[in-house]
Amino acid sequence: MLKVKRALLSVYDKRGLVELARGLSALDIEILSTGGTKRVLEENAVPVIPVADVTGFPEILDGRVKTLHPAIHGGILADRSRSSHIAEITEHGIQPIDLVVVNLYPFRETASDRQKSFEEIVEMIDIGGPTMVRAAAKNHQGVVVVVDPDDYTQVLSLLEEGDLEVPEGLRRRLALKAFRHTQSYDAAIAAWLERQGASEESRLGRHLLLDLERELETRYGENPHQQGALYSTAGGAGVFGGFRQIQGKDLSYNNLLDVDSARRIAALFESPAVAIIKHNNPCGVGRGANLVEAYERALACDPVSAFGSVIAVNQPIDAGLAEAMADLFVEVVTAPSFSEEALAHFSAKANLRLLEAPVFSGSPRDADIRGIDGGFLAQTLDVAADDPDGWTCPTERRPTDEERRAMEFAWNVARMVKSNAIVLARENQTVGIGAGQMSRVDSCRLAVEKAQSPVEGTVAASDAFFPFRDGIDSLAAAGVTAVVEPGGSRRDDEVIAAADEHGMALLFTGTRHFRH
């Protein structure tokens, strides 16, 4: 192994810098540095050689060019095992650089700050840093590259204990970490430029780059024999818009899936709304003048399935809702915020997970990605607002105003129910939900069977068209008076005729909301 005799330190994140530099200096390792890093070392009496003294060229263009010079990159990239390389750098007076410690400008943090201008963000696109990192990582057989301050202690200890040598295995791992670092950095820049409208392609272009950072490891995946972890999009607002767990056990993989569904449903309504989720499907949704009223309506739909559920609301939770939920066993509650009184009530349930997260807000251009064998499927999010004013009524009877309001409510919920989906509802609450059945008529029957309150006088929403009239006949027999569905079936005439026979009102939305 080659000994480390010369190091280049150039970091934006100064965490642990002085301690590392003092340790290197104590080992008689020569230190080169630039700009702010050099100033910090000088202020702390650490011997340092300015890079400009090595290159014979000053920093120019407001610091945009500091290390982009053969005297630096020749020293990093020279292959120590090739005599021709050693002869060449010697001929040009270039000395090898054995340790490169670099971390990059805070591009993600700057780009996420809405107060920063376009020009300020562009200045945080690091050029010299990634170039040095990539060069050192490429030549890791002879150079140690360190991009994470958390690795300083291990590297320094090995240098002290190993006679200035770092084992090949660690050099290779650090090189991999370095390439991951620059890969993530470039992906964040590309994503930001795309958000500025630089791409003429749709969100689902020729290449879809995922830049993900692990936030936490779940106890396991969907089942105990599977591993699970939560990743956030680097440079984004964070998982669930940037959530904070206030109390409770660690989040499970299934908890996180259900929280995602619950937040998306609650966000569909402007008035106080509560969504109760079980196994990624709503078992009750309600809205009201306040959250307590909304909760009571949501719970009434299926109080049995609500046991062990995940609940999301679209407004801050106060003591009233916390008291109303006291008798129900819930896995997770998520809300934009919690009052101190509400937290005091919830604290009696130590295992209850409380998540503070903003109301869901997704863009139709955002990608929804799902893994399959050997690849991924991607689609844009189904978050575009429906236009009830554009719905058509092909039946002899038009819906009453009350039915129409109930149909709009049911249609909103249906888009978040696993297909085939049938939702029975009144104006402000679900009454019965049929989810995930292989035939639509079975979903109709299940929705009726699940109902805990009278079905007579309710309306129904179907996420896709009825392929036969049997679904309409089944709903009519249960007392449903109006149905909203996309339309577009080859048998629409039969479906319309069935609705007319039963005196039902039917609305066609022209939009399907499958959710597989």
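Going by the structure above, here's the rest.
In short, a report on the structure. (Residues numbered from 1 in each chain as written. Predicted model: local features only at pLDDT ≥ 70, side-chain atom pairs only at ≥ 80, totals over all residues. Heavy atoms only, no water.)

Description of the pairing of strand β2 (residues 30-33)
Inspection of the sheet shows strand β1 (residues 6-11) paired to β2 by four bridges, in the parallel sense. Across the sheet, L9 pairs through a bridge with S33, a residue of β2. Running through helix α1 (residues 17-26), the crossover from β1 to the neighbouring parallel element β2 is right-handed. The sheet contact formed by β2 and strand β3 (residues 49-50) spans two bridges and is parallel. By the bridge assignment, L32 is partnered in β3 with I49. (Pairing = 2+ DSSP bridges. Helix = DSSP H or I, 4+ residues; strand = E, 2+ residues; numbered from the N terminus. Right-handed = clockwise from strand over helix to strand, strands pointing away.)

Regarding the layout of surface pockets
Roughly 920 Å³ of volume is contained in the second largest pocket. Taken together, 35 residues line the second largest pocket, and the ones lying closest to its centre are R108, H181, S184, Y185 and E213. Among the secondary structure elements, those contributing two or more residues to the lining of the second largest pocket are α6 (107-111), α10 (168-195), β6 (212-217) and β7 (229-233). Broken down by element, the lining of the second largest pocket gets its largest block of residues, eight residues, from α10. A per-class count over the lining of the second largest pocket returns 14 nonpolar, nine polar and 12 charged. (1 Å grid on protein atoms, 1.4 Å probe; cavity = no way out; pocket = protein on both sides within 12 Å on 5 of 7 lines; lining within 4 Å. Points joined across faces, edges and corners; volume = space filled by probe spheres on them. Nonpolar A, V, L, I, M, F, W, Y, C, P; charged D, E, K, R; others polar.)

Some remarks on the sheet that holds β2
Spatially, β3-β2-β1-β4-β5 is the arrangement adopted by the five strands of the open sheet, whose pairing is parallel. Every interior strand has two partners, whereas the edge strands, β3 and β5 (144-146), have only one. The sheet contact formed by strand β4 (residues 99-103) and β5 spans three bridges and is parallel. Across the sheet, V101 pairs through a bridge with V146, a residue of β5.

Some thoughts on the packing of helix α8 (residues 128-138) against α10
The interhelical angle for the contact between α8 and α10, taken along N-to-C directions, is 150°, at an axis separation of 9 Å. When the interaxial angle is binned, α8 and α10 end up roughly antiparallel. Helix-helix and strand crossings are classified by hand; for α8 and α10 the assignment is left-handed. In contact with P130, V133, R134, A137 and K138 of α8, α10 contributes A175, A178, F179, T182 and Y185. (Axes fitted to C-alpha atoms, helices over the stretch in contact; angles between N-to-C directions. Parallel < 35°, antiparallel > 145°, perpendicular 65-115°, else oblique. Left-handed = near helix turned anticlockwise from the far one by under 90°. Contact = heavy atoms within 4.5 Å.)

Describing the environment of P58
You can see P58 is positioned in the loop between α3 (51-55) and α4 (70-77). A relative accessible area of 53% places P58 in the exposed class. For P58 and Q452, which are 394 residues apart along the polypeptide, the C-alpha to C-alpha distance reads 78 Å. (Buried < 20%, exposed > 50% of the residue type's maximum accessible area, 1.4 Å probe, protein only.)

Brief notes about the packing of aromatic side chains
Scanning all chains against the criterion turns up five aromatic pairs. The interplanar angle of 50° and the centroid separation of 5.6 Å between the aromatic rings of F240 and F243 together place this pair among those described as tilted. By relative accessible area, F243 is classed as partly exposed at 22%. Between K14 and the ring centre of Y12, over which it is positioned, the NZ or CZ distance is 5.7 Å. (Phe/Tyr/Trp six-rings, centres within 6.5 Å; stacked < 30°, edge-to-face > 60°. Lys NZ or Arg CZ within 6 Å of the ring centre and 35° of its normal.)

Let's talk about unusual backbone geometry
A cis amide bond links S419 to the next residue, N420, at an omega of -10°. Take N420: it is sitting in the loop between α15 (401-414) and β16 (422-426). Its identity is not glycine, yet D28 carries a phi of approximately 65°, on the positive side. As for its placement among the helices and strands, D28 is situated in the loop between α1 and β2. Phi is positive for F240, close to 55°, though the residue is something other than glycine. Checked against the element boundaries, F240 lands in the loop between β7 and β8 (244-247). Taking relative accessible area as the criterion, F240 reaches 10% and is therefore assigned buried.

What about the pairing of β16?
The buried count for β16 comes to four of five residues, which makes it a mostly enclosed element. Strand direction decides the pairing type here: β16 and strand β17 (residues 429-434), joined by five bridges, are antiparallel. By the bridge assignment for β17, R426 is matched with Q429. Between β16 and β17, which pair antiparallel one after the other, the connecting turn spans two residues. Here β16 runs beside strand β18 (residues 459-462); their pairing, made up of four bridges, is antiparallel. Following the sheet pairing, A425 is matched in β18 by V459.

Regarding a negative patch on the surface
Negative charge collects at one region of the surface, where D318, E323, E340 and E341 lie side by side. Along the chain, D318 falls in the loop between β11 (309-313) and α13 (319-324). (Patch = residues over 30% accessible without salt bridge, like charges linked within 9 Å, V, L, I, M, F, W, Y side chains within 5 Å. Areas by Shrake-Rupley, 256 points an atom, 1.4 Å probe, with all protein chains shown as cover. Salt bridge = Lys/Arg side-chain N within 4 Å of Asp/Glu carboxyl O. Lys, Arg positive; Asp, Glu negative; His and termini not counted. Charge placed at Lys NZ, Arg CZ, Asp CG, Glu CD.)

A word on a nonpolar patch on the surface
On the surface, L208, L210, L212 and Y231 cluster together into a nonpolar patch covering about 360 Å² of accessible area. With respect to the element layout, L208 can be found in the loop between α10 and β6. Residue L208 is classed as partly exposed on the basis of its relative accessible area, which comes to 33%.

Section: the packing of α1 against helix α2 (residues 35-43)
Contact pair α1 / α2: the axes reach a minimum separation of 10 Å and the direction vectors enclose 70°. Accordingly, the angle class assigned to the pair α1 and α2 is roughly perpendicular. The interaxial crossing formed by α1 with α2 has right-handed handedness. Contacts between α1 and α2 pair L17, V18 and A21 from the former with T37, V40 and L41 from the latter. Within the contact of α1 with α2, the residues separate by chemical class into five nonpolar, one polar and no charged.

Overview of the nonpolar core
In terms of nonpolar packing, the biggest core is built from 42 residues, with I265, F269, V285, V413, V417 and V484 touching the most fellow members. Those elements that place two or more of their residues in this core are α11 (253-266), β9 (273-278), β11, α15, β16, β18, β19 (482-485) and β20 (505-508). Looking at this core, the element that brings in the most residues is α15, giving seven residues. Leaving out residues up to four positions away in the same chain, I265 has contacts with A275, I277, P282, V285 and M416. If you look at the next biggest cluster of nonpolar residues, it comprises 27 residues, including V51, V133, V145 and A175. (Core = buried A, V, L, I, M, F, W, Y, C linked by side-chain atoms within 4.5 Å.)

None of the figures reported here should be taken as evidence of function without further support.
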